[in-house]
Amino acid sequence: MQKIDIPPIWLLGAACLAWFQAQHLSFGLSLQGWLTDLASGVLIGGGIVLAVLAVVEFRRHQTTVMPHQTPSSMVQSGIFKRSRNPIYLGDVLILTGLILRFDAVLSLVLVPIFVWILERRFIEPEEDRLRRKFRADFARYAQKTRRWI
């Protein structure tokens with residue numbers, strides 16, 4: 001189950017719900033326009049950039065990217081100086097951008113639900129593992145670096 005219980009699967013599920021809502025349950029609501037198109041592109045692109053920067057940092061430190069595994073080192077450099085969870089932040093930006101791109105106005109409610117799922121299923125357990133393994137180092141890192149932005 002852990003192999004499929006990963007954030008990209010949750011992101012895909014939320015994006016599919018948003019697409020379905022836009023196609024079949026729009027109720028005539030729309031945010032369509034050039035500004036929405038621009039915002040969706042910026043959000044999707046920014047989310048991808050954040051995720052790629054984070055994966056590069058994980059690879060540089062030779063530690064796992066998989067959320068249910070215990071990391072071999074604690075990454076505090078690069079994008080991780082700004083956010084403890086840049087991949088999850090990227091996922092939220094991508095979802096928000098896709099919802100705007102699909103013009104799925106009612107699906108904007110999925111964004112806080114998705115954040116809640118990420119917090120409960122992934123971030124809190126990951127931070128517990130980091131806290132147990134790296135103790136004082138993680139406490140200092142958590143003190144100076146925000147969870148999201």
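The rules we used
Chains are numbered independently. Their residues run from 1 in the order of the written sequence. It should be noted that, the model being predicted, local features are given only for residues of pLDDT at least 70 and side-chain atom pairs only at 80 or more, the latter also being counted only at that level, while totals for whole chains, interfaces and linings use all residues. Hydrogens are left out, water is left out, and the side-chain values use all remaining heavy atoms of the structure. Strands here are runs of E lasting at least two residues and helices are runs of H or I lasting at least four, both read from the DSSP assignment and numbered beginning at the N terminus. Using a 1.4 Å probe on the protein chains alone, a residue whose accessible area is under 20% of its type maximum counts as buried, one over 50% counts as exposed, and one in between counts as partly exposed. In this description, contact between two residues means that some pair of their heavy atoms is separated by no more than 4.5 Å. The Shrake-Rupley method, run with a 1.4 Å probe sphere, supplies the accessible areas, and residue values consider only the shown protein chains as cover. Here a salt bridge means any side-chain nitrogen of Lys or Arg lying within 4 Å of a carboxyl oxygen belonging to Asp or Glu. Here an axis means a line fitted to C-alpha atoms, over the contact stretch when the element is a helix, while the angle between two N-to-C directions is reported on a 0 to 180 degree scale. Angles are sorted into four bins: roughly parallel if under 35 degrees, roughly antiparallel if over 145, roughly perpendicular if 65 to 115, and oblique for all others. It is the rotation of the near helix from the far one that decides the hand of a crossing: anticlockwise by less than a right angle makes it left-handed, clockwise makes it right-handed. Whether two aromatic rings pair depends on their centres lying within 6.5 Å, for rings of Phe, Tyr and Trp, where Trp uses its six-membered ring; planes under 30 degrees apart make the pair stacked, over 60 edge-to-face, and the rest tilted.

Student: Honestly, the overall build of the protein chain in this entry has me stumped. Any pointers?
Tutor: Counting secondary structure elements, the protein chain contains 4 helices and 0 strands. If you list the helices and strands of the protein chain from N to C, you get α-α-α-α. Taken along its principal axes, the extent of the C-alpha atoms in the protein chain is 55 × 30 × 25 Å. Counting across all 149 residues of the protein chain, residues that qualify as buried make up 42%. A sequence separation of at least 24 residues applies to 77% of the contacts in the protein chain between residues at least 6 apart. Entry remark: accessible area of the protein chain is about 8800 Å², with carbon and sulfur atoms responsible for 65%.

Student: What exactly am I supposed to notice about the pattern of salt bridges here?
Tutor: Two side chains carrying opposite charge are able to pair once their charged atoms lie near each other. Scanning all chains against the criterion turns up 9 salt bridges. A salt bridge links Asp5 to Arg121; its shortest N-O distance comes to 2.6 Å. Of this pair, Asp5 sits in the segment before helix H1 (7-24) while Arg121 sits in helix H4 (residues 110-144), placing them 116 residues apart in sequence. Between Arg147 and Glu119 there is a salt bridge, with the nearest N and O atoms lying 2.7 Å from each other. Of the two residues, Arg147 sits in the segment after H4 while Glu119 sits in helix H4, which places them 28 residues apart along the sequence. With relative accessibility at 23%, the residue Arg147 sits in the partly exposed group. Several salt bridges converge on common partners, so that one network encompasses Arg84, Glu119, Arg120, Glu124, Glu127 and Arg147.

Student: Whenever I open this one, the environment of Phe80 confuses me. Can you help?
Tutor: You can see Phe80 is positioned in the loop between helix H2 (34-60) and helix H3 (86-102). On the accessibility criterion, Phe80 (4% relative accessible area) is buried. In this structure the C-alpha to C-alpha distance between Phe80 and Gly41, which are 39 residues apart in sequence, comes to 24 Å. Apart from the residues lying within four places of it in its own chain, the contact partners of Phe80 are Ala54, Glu57, Phe58, Val75, Pro86, Tyr141 and Thr145.

Student: Explanation requested: the packing of H1 against H3 in the structure shown.
Tutor: Working note: a packed helix pair is described by the angle between its axes plus the distance between those axes. Across the interface, H1 lies against H3 with an axial gap of 9 Å and an inter-helix angle of 15°. Considered as vectors, H1 and H3 are oriented roughly parallel to each other. Along this stretch, H1 crosses H3, giving a crossing that reads as right-handed. Along the contact surface, H1 presents Pro7, Leu11, Ala14, Ala15, Ala18, Trp19 and Ala22, while H3 presents Tyr88, Asp91, Ile94, Leu95, Leu98, Ile99 and Phe102.

Student: So what exactly am I meant to see when it comes to unusual backbone geometry here?
Tutor: For residues that are not glycine, phi is negative in most cases, and the peptide bond is trans in most cases. Positive phi values are uncommon outside glycine, yet Asp103 reaches one of about 60°. With respect to the helices and strands, Asp103 occurs in the loop between H3 and H4. Residue Asp103 is classed as buried on the basis of its relative accessible area of 14%. A positive phi angle is found at Arg135, which is not glycine, with a value near 35°. The residue Arg135 is located in helix H4 in this model.

Student: How do you make sense of the packing of aromatic side chains when you look at a structure like this?
Tutor: How two aromatic rings sit relative to each other is set out by the distance from centre to centre and by the angle between their planes. Taken as a whole and assessed by the stated rule, the structure comprises 2 aromatic pairs. Between Tyr88 and Phe122, the aromatic rings sit 6.2 Å apart at their centres with planes inclined by 35°, giving tilted as the arrangement. A residue pair is termed long-range when its members are at least 10 positions apart, and Tyr88 in helix H3 and Phe122 in helix H4 qualify at 34 residues. Phe122 carries the same exposure label as Tyr88, and that label is buried.

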